[in-house]
Amino acid sequence: MNYLDLTIAEIHKALVEKKVTSLELVKESIARIKKDKNNSYEANNFDSALELASNITSVSEKEILKGIPYVAKDNYSTKDIETTASSNVLNGYIPTFNAEVINRLNKAGAILIAKATLDELAMGGTGLSGHKGATTNPYDNKRIIGGSSCGSCAAVAKCDVPFSLGSDTGDSVRKPAGYGGLVGFKPTWSRISRFGLFPFAPSLDTIGYFTRSVEDSAILTNILAGQDDKDMSSSYRPVENYMTYLNKPNTEKRIGYFKSVIDCIDDKSIVDSFYKTIDGLKAEGYIVENYEFPVDLLNALYSVYMVISCSEATSNDANLDGIKFGIKPTGDAKTWEEYMTEARTRGFSDLIKRRFVIGSFSLLAENKDELFIRAQKARRLIVEEMERFFKKHDYLVLPASKRVAPLIKDSSDKWNPNPNFVDNHLAIANLGGYPSLTLPLGYEKGLPFGINLTGRQFEEGNLFALGEDIEKMTGLKNASTVTRRIK
Amino acid sequence: MNFEPVIGIEIHVELKTKSKLFSSAPVGFGEKPNSQTVAYDLGCPGTMPVLNKQAVVYGVRVAKALHMDIEQLIQFDRKNYFYTDLPKGYQITQQEHPIGSHGYVDLKIGDKVKHVNIERIHIEEDTAKQLHLGDMTLVDYNRAGTPLLEIVSEPDMRSDVEAMKYVETIHQIVTFLNVSDGKMEEGSMRCDVNISLRPYGTEKLGTKCEIKNLNSIANVRAALEYEIKRQTELLLKGESIGQETRRYDESLKKTSLMRVKTNDVDYKFFREPNILPVRISDEFVKDAIDTMAKLPDEYRSEFLADGLNENEVEVLLGDTDFTHYFEDVLALGCKSAKVLWNYLMGDISAYLNKDMLKLTDLKITKVQLKDFCNMQEDAKINSKQAKEVIALMLRDGADPKKIVKDLGLEQISDESAIQEIVDNILAENEQSIQDFLGGKDRALGYVVGQVMKASRGKANPALAKKLILAEIEKRK
């Protein structure tokens, strides 16, 4: 066993007690990253990381992240480190500034080891669409790890690092977390600064992270949450100490779930595990009830999400024109239109172009009412229904996915003409800006699957409390290490 | 003329904030290209807009000055289009909720008042500046993100003169409010003019042309003059007006076609998701208005009350710095606005113009100028001496009291002292007294001159004249 296989809290204790040094951790992490078989990484930061680690001689109890290595999804701006968002359009782009979360982690003493792959520009749910090709699942590399935060998820699943930054616009942290046997968390929209996160759809985007325990997720939230002058949308609400929600009886006990979603799941072991957990929670004093969420609203999730996210994306990515940074057209262009067209034609994959077309089409004056405005209205109806839900319940609890990670050959990011809400329910948390957490629930044929918890805005703490209770029930705290299913 | 021009004007005013509308980069003109930029201004991914509060304050003030409804919901939208000068591929603007709407200005043209309605004003970001060199286009991002206020008039103007007066009035308002330096030649105020013609007495609007980027008030008039003539000639020949965007060539004094307008561009507007709508409080609005600088109209009534005539007031209001300087000197206790105006717009202005100086370059203080004016008003020095004194003041920054003393220019207003001189002079000039009594008025001037000469110019001439006349009266 290596210290890198432990959780943040455990590694921190070992660093304080000088059982391991930051340099040893970083060296081991680099060695593991070099052996990566899942195509998890973009640029690395090995030299700086080694230098930083070698300067750390002692870690105090208060310095919970000091000396601990991590990776960040390649859509976080990192000063002097190439950042491409796994898109050819940004090849060669070296930012001049750090994202706020990177700054906060740096300040806390965490050590950035490498940048992780993603679906191109974070648009996708498979981990197959980045410019470096497919990122695969460490449990079975014929399968997807899911996206868009594919590299970040794979990295933590196989213990290259104890935690990683992802980002979550529809389910980009929380769905892969299920496929990777990890804790994946997104906070309330506005709780953590998005400054420096390459935008996909700002009204839905949040920072997110992968850890191997609920406690680690609370630790990171303590460090990352809080107002930032560089992000006007970040909340001024005081930040709680999320650790106070752990290791004590949870007082918020009303759970709701959508039976309509569970009924769409064919995988018997997922359904059984879910209800078994529900029973376990009831035994712990939780009140668990079905909530009849209108099916037409559930059916609207996919289109609402696609119209809103693609509309915002087509605008956000309009800066990627080859003029200022990233891809350089060949020089055959005779006009500025030709120049931009060439940059964007070569720079983006067909999947991205498809999304831009959807977004642009939705915003055109002649379609705007029928598509963009209608999607906003539907979004409001969905959120209003969730507000009613949260009057009766403290949490929405559902399986994170309908099955274990699918085979690559069965996966696609193309527009789905026949969507099923069982694949899209995690987007409810983005549409309403709710905090949401996925954690491991069980295994099917050696592959992990997860359970997802969503709470009211700014009630991150309750999610950690419930998550900890479920974690105790499943015994899957640090699943990667305790189950040792990754070869 | 057979046709009535219908004119509407869009004015872009660069706001004089310290930093840009959404970034911390400084706002500056004429700096080294791409030196006034941060990552946001280049559209680097992950940068986010942080709204400049001062720009909102300025917006509120202009809205107030233009008698507008002030929008307290501050919200921004994205205007999406691709162009080389647009770093993000969209411009953040106020499409849905302009900060001001439904306002007006009254233009004074001769003794008539022209009422022009203003549809809206909104805050938005400026674009980058392009330099075309041969087959290359260079982009300077210094200007990118500078706050702009766009002022959109209703098509209420009916002549080139009204249009010119409108631009002049807006220019005066924004410079007096100190929200913009209003330098049209540097692009900090830019005008796009829309014009169409229609037969007099008809309601239906003709096809309009837009003349873009007029860079001086004179050019607004000249371009419209040309355009009215051009469109009139076309219509009289029975030809139709194309819906066009045109530019004005200053050297040729002509407008020429830039591009034919096809269907309106679809800007795919939607709300900027990174700026949550903010409702500014009543206190915020009140504070912005209470701390507003004086508007030209307030100065007009004040200066008229101080004794200037309308022409003098307008000349003064043509320059905000002079107006403020004038106001300050009056406030220090200058007794005569007229005297002050004469020297400020005369000797001082000429002195500054000669060396291209600004008022702030003056060596004299406002208190000294006040003292100088009051010496004249109190007849302590005569106008001839005053010329000499002001010249020395401007040259050396010397105190007028000291100059007068050093040159021995102090007027003698002591009656007994002058009486003595008068007595002596009269005794020596008996013939002149007789001439005067015989009806030769010029003789009096001669005697006064002699008294002045004898006093080396220091005698108060009015007093001397009075005493001479009294003496002659005695001898009748």
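Residues numbered from 1 in each chain as written. Chains lettered and ligands numbered in written order. Predicted model: local features only at pLDDT ≥ 70, side-chain atom pairs only at ≥ 80, totals over all residues.

Moving on, we get to the overall build of chain A. The secondary structure content of chain A amounts to 16 helices and 13 strands. Taken over the C-alpha trace, chain A has a radius of gyration of 21 Å; the compact-globule value for 487 residues is 23 Å, and the two agree within 12%. Each of the 487 residues in chain A was classed as buried or not, and the buried ones make up 59%. (Helix = DSSP H or I, 4+ residues; strand = E, 2+ residues; numbered from the N terminus. Rg over C-alpha atoms; globule rule 2.2 N^0.38 Å. Buried ≥ 20, exposed ≤ 12 C-beta atoms within 10 Å, placed from the backbone.)

Per the secondary structure count, chain B includes 15 helices and 16 strands. Since a compact globule built from 476 residues should have a radius of gyration of about 23 Å, the 30 Å found for chain B marks it as more spread out than a globular shape. Projecting the C-alpha coordinates of chain B onto the three principal axes gives extents of approximately 95 × 55 × 50 Å. Put simply, chain B has 476 residues, and 40% of those count as buried. Long-range contacts, defined as pairs at least 24 residues apart, comprise 69% of the intrachain contacts of chain B with a sequence gap of at least 6. (Contact = placed C-beta atoms within 7 Å.)

Before going further, it helps to spend a moment on the packing of helix H2 (residues 160-176) of chain B against helix H3 (residues 217-236) of chain B. Residue and element names in this part refer to chain B. As a packed pair, H2 and H3 sit with axes 8 Å apart at the nearest point and diverge in direction by 160 degrees. Of the possible angle classes, the one that applies to H2 and H3 is roughly antiparallel. Judged by the twist between their axes, the crossing of H2 over H3 is right-handed. Judged by residue contacts, Asp160, Val161, Ala163, Met164, Val167, Glu168 and His171 of H2 engage Ile217, Val220, Arg221, Leu224, Glu225 and Ile228 from H3. Its residues placed into classes, the contact of H2 with H3 shows eight nonpolar, one polar and four charged. (Axes fitted to C-alpha atoms, helices over the stretch in contact; angles between N-to-C directions. Parallel < 35°, antiparallel > 145°, perpendicular 65-115°, else oblique. Left-handed = near helix turned anticlockwise from the far one by under 90°. Nonpolar A, V, L, I, M, F, W, Y, C, P; charged D, E, K, R; others polar.)

Residue and element names in this part refer to chain A. Read from one edge to the other, the open sheet built from eleven strands follows the order E1-E3-E2-E6-E8-E7-E12-E13-E11-E9-E10, with strand pairing classed as mixed. Each edge of the sheet is formed by a strand with only one pairing partner; in this case those strands are strand E1 (41-44) and strand E10 (287-290). Each strand of the sheet is rotated relative to its neighbour by a mean of 30 degrees, with strand direction disregarded. As paired elements, strand E12 (residues 436-444) and strand E13 (residues 447-455) share eight bridges and run antiparallel to each other. From the neighbouring strand, tyrosine 443 faces E13, where its bridge partner is proline 448. Along the sheet, helix H9 (residues 268-283) makes contact with strand E9 (254-257), E10, strand E11 (395-399), E12 and E13, crossing E12 at roughly 120 degrees. (Pairing = 2+ DSSP bridges.)

Let us look at the interface of chain A and chain B. Much of the literature gives interface size as the accessible area that the parts lose upon coming together. Each partner contributes residues to the interface: chain A has 32 residues there, and chain B has 26 residues. At the level of secondary structure, the elements contributing two or more residues to the side of chain A that touches chain B comprise helix H10 (295-316), helix H11 (336-347), helix H12 (350-363) and helix H13 (365-392) of chain A. Considering each element in turn, the side of chain A that touches chain B owes the most residues, three residues, to H10 of chain A. Along the lines of polarity and charge, the residues of the side of chain A that touches chain B split into 16 nonpolar, nine polar and seven charged.

This part covers the pairing of strand E12 (residues 209-214) of chain B. Residue and element names in this part refer to chain B. Of the strand pairs in this sheet, strand E11 (residues 189-199) and E12 are connected by four bridges, and their pairing is antiparallel. Along E12, the bridge assignment pairs cysteine 191 with leucine 214. Pairing of E12 with strand E13 (residues 244-249) involves three bridges; the strand directions are parallel. Across the sheet, residue isoleucine 211 finds its bridge partner in E13, namely arginine 246. Assessed by its sense of winding, the connection that carries the chain from E12 through H3 to E13 is left-handed. (Right-handed = clockwise from strand over helix to strand, strands pointing away.)

Moving on, we get to the nonpolar core. Judged by nonpolar contacts, the single largest core of 197 residues is most densely connected at Tyr70, Ile113 and Val304 of chain A together with Val62, Ala163 and Val193 of chain B. Excluding its chain neighbours within four sequence positions, the residues that come into contact with valine 193 of chain B are Ile7, Ile9, Ala163, Ile211, Leu214, Val220, Ala223 and Leu224 of chain B. One finds Trp341, Leu369, Val389 and Leu394 of chain B within the second-largest nonpolar core, a separate group that totals 30 residues. (Core = buried A, V, L, I, M, F, W, Y, C linked by C-beta atoms within 7 Å.)

Residues and elements named next belong to chain B. With antiparallel pairing, the three strands of this open sheet are ordered in space as E5-E4-E15. Each having just a single partner strand, strand E5 (90-93) and strand E15 (270-271) make up the two edges of the open sheet. By the bridge criterion, two bridges tie strand E4 (residues 77-80) to E15 in an arrangement that is antiparallel. Pairing of aspartate 77 across the sheet is with arginine 271, part of E15.

Here we come to the domain arrangement of chain B. Parsing chain B into structural domains produces domain 1 (3-279), domain 2 (294-406) and domain 3 (415-474). Centre-to-centre, using C-alpha coordinates, domain 1 of chain B lies 68 Å away from domain 3 of chain B. (Domains from an automatic or database assignment.)

On to unusual backbone geometry. Residue and element names in this part refer to chain A. Cis peptide bonds are those with omega within 30 degrees of zero, and the linkage from glycine 147 to serine 148 qualifies with 10 degrees. Note on placement: serine 148 falls in the loop between strand E5 (140-144) and helix H5 (150-157). Backbone geometry at alanine 85 places phi at a positive 55 degrees, although glycine is not the residue there. Relative to the assigned elements, alanine 85 resides in the loop between strand E2 (69-73) and helix H4 (100-108). A count of 31 C-beta atoms within 10 Å places alanine 85 in the buried class. Positive phi values are uncommon outside glycine, yet arginine 484 reaches one of about 45 degrees. Considering the arrangement of structural elements, one finds arginine 484 in the segment after helix H16 (479-483).

Let us look at the pairing of strand E3 (residues 111-116) of chain A. All names here are of chain A. Within E3, six of the six residues are buried, leaving the element largely enclosed by the surrounding structure. Of the pairings in the sheet, the one linking E2 to E3 comprises five bridges and is parallel in character. Residue alanine 72 lies in a different strand from E3, and its bridge partner there is lysine 115. For the crossover that starts at E2, traverses H4 and ends in the parallel E3, the hand is right-handed.

The buried fraction of helix H7 (residues 214-224) of chain A is high, at nine of eleven residues. For H7 of chain A, the full list of buried residues reads Val214, Glu215, Asp216, Ser217, Ala218, Ile219, Leu220, Thr221 and Leu224 of chain A.

Quick look at the confidence of the model for chain B now. Taken over all residues, the pLDDT of chain B has a mean of 92, while the share at 70 or more is 100%. Across the assembled chains, the prediction reports ipTM 0.95 with pTM 0.90. (pLDDT = per-residue confidence, 0-100.)

Here the focus is the environment of glycine 8 of chain B. Residues and elements named next belong to chain B. Its location among the elements puts glycine 8 in strand E1 (residues 3-14). The exposure class assigned to glycine 8 is buried, which follows from the 22 C-beta atoms found within 10 Å. Separated by 184 residues in sequence, glycine 8 and aspartate 192 have C-alpha atoms that sit 8.7 Å apart. In this view, glycine 8 contacts Ser153, Glu154, Pro155 and Asn194; residues no more than four positions away in its chain are not counted.

Turning our eyes to something else, we now look at the environment of valine 38 of chain B. In this structure, valine 38 of chain B sits in the loop between E1 and helix H1 (53-65). A sequence separation of 13 residues divides valine 38 of chain B from leucine 51 of chain B, and the C-alpha atoms of the two residues are 15 Å apart.

Another point: the packing of H10 of chain A against H12 of chain A. All names here are of chain A. In contact at an axis separation of 7 Å, H10 and H12 are set at 95 degrees when each is read in the N-to-C sense. In terms of axis orientation, H10 runs roughly perpendicular to H12. For the pair H10 and H12, contact is made by Met306, Val307, Cys310, Ser311, Ala313 and Thr314 and by Arg355, Phe356, Ile358, Gly359, Ser360, Ser362 and Leu363, respectively. Each residue belonging to the contact of H10 with H12 can be placed in one class, and the counts come to seven nonpolar, five polar and one charged.

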